[in-house]
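An overview of the molecular structure
Here's the letter readout for the chains.
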Amino acid sequence: MLLIGAGLVLTWAADVFQIIAIASRAFAVYYGLQAGIAALSALNQRQVARAAGFGLLAGLGFVIAIFGQAVEG
């Protein structure tokens, strides 16, 4: 219910391109977290190369979320 209310407020208060930019950053954080979890899992299984690859992807996801800029802006 809270998410529905937040979505409705965001839709009425923000520009469509701003909503897309926020959603893109949220997806980048989500995929960064997923890659971080995969890196930890690979590290626990002693697959160092795979863990390093997942770790790089996790870092990339967080960098995109922090420094990414909208094309429209």
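Calculation criteria
- Residues numbered from 1 in each chain as written.
- Predicted model: local features only at pLDDT ≥ 70, side-chain atom pairs only at ≥ 80, totals over all residues.
- Heavy atoms only, no water.
- Patch = residues over 30% accessible without salt bridge, like charges linked within 9 Å, V, L, I, M, F, W, Y side chains within 5 Å.
- Areas by Shrake-Rupley, 256 points an atom, 1.4 Å probe, with all protein chains shown as cover.
- Salt bridge = Lys/Arg side-chain N within 4 Å of Asp/Glu carboxyl O.
- Helix = DSSP H or I, 4+ residues; strand = E, 2+ residues; numbered from the N terminus.
- Buried < 20%, exposed > 50% of the residue type's maximum accessible area, 1.4 Å probe, protein only.
- Contact = heavy atoms within 4.5 Å.
- Phe/Tyr/Trp six-rings, centres within 6.5 Å; stacked < 30°, edge-to-face > 60°.
- 1 Å grid on protein atoms, 1.4 Å probe; cavity = no way out; pocket = protein on both sides within 12 Å on 5 of 7 lines; lining within 4 Å.
- Points joined across faces, edges and corners; volume = space filled by probe spheres on them.
- Nonpolar A, V, L, I, M, F, W, Y, C, P; charged D, E, K, R; others polar.

1. Remarks on a nonpolar patch on the surface
A contiguous nonpolar patch, built from Val 29, Leu 33, Phe 62, Val 63, Ile 66 and Phe 67 and spanning about 570 Å² of accessible area, is present on the exposed surface. Where the nonpolar patch is concerned, the elements lending two or more residues are helix H2 (16-44) and helix H3 (48-67). Broken down by element, the residue count for the nonpolar patch peaks at four residues, all from H3.

2. Some details on the environment of Ala 28
Tracing the sequence through the fold places Ala 28 in helix H2. Among the residues examined, Ala 28 registers a relative accessible area of 10% and is labelled buried. Considering only alpha carbons, one finds Ala 28 and Gly 68, 40 residues apart in sequence, at a separation of 9.5 Å. Once residues within four sequence positions are removed from consideration, Ala 28 is found in contact with Gly 61, Ile 64 and Ala 65.

3. Overview of the packing of aromatic side chains
Taken as a whole, this structure holds two aromatic pairs when the rule is applied. Aromatic pair Phe 27 and Tyr 31: ring centres 6.4 Å apart, planes at 20°, arrangement stacked. With Phe 27 and Tyr 31 both in helix H2, this residue pair falls four residues apart, about one helical turn. Per residue, the accessibility class of Phe 27 equals that of Tyr 31, and both read exposed. With 5.3 Å between their ring centres and 65° between their planes, Tyr 30 and Tyr 31 make a pair best called edge-to-face. Classification of Tyr 30 as partly exposed rests on a relative accessible area of 44%. We classify Tyr 31 as exposed; its relative accessible area is 53%. Chaining the aromatic ring pairs together yields one cluster made of Phe 27, Tyr 30 and Tyr 31.

4. Quick word on the layout of surface pockets
When its volume is computed, the largest pocket comes out at roughly 210 Å³. Taken together, 11 residues form the lining of the largest pocket, with Ala 21, Ser 24, Gly 68, Gln 69 and Ala 70 sitting closest to its centre. Sort the elements by how many residues they give to the lining of the largest pocket and H2 lands first, with five residues. Residues of the lining of the largest pocket, tallied by class, amount to six nonpolar, three polar and two charged.

Any functional reading would require information that these geometric values do not contain.
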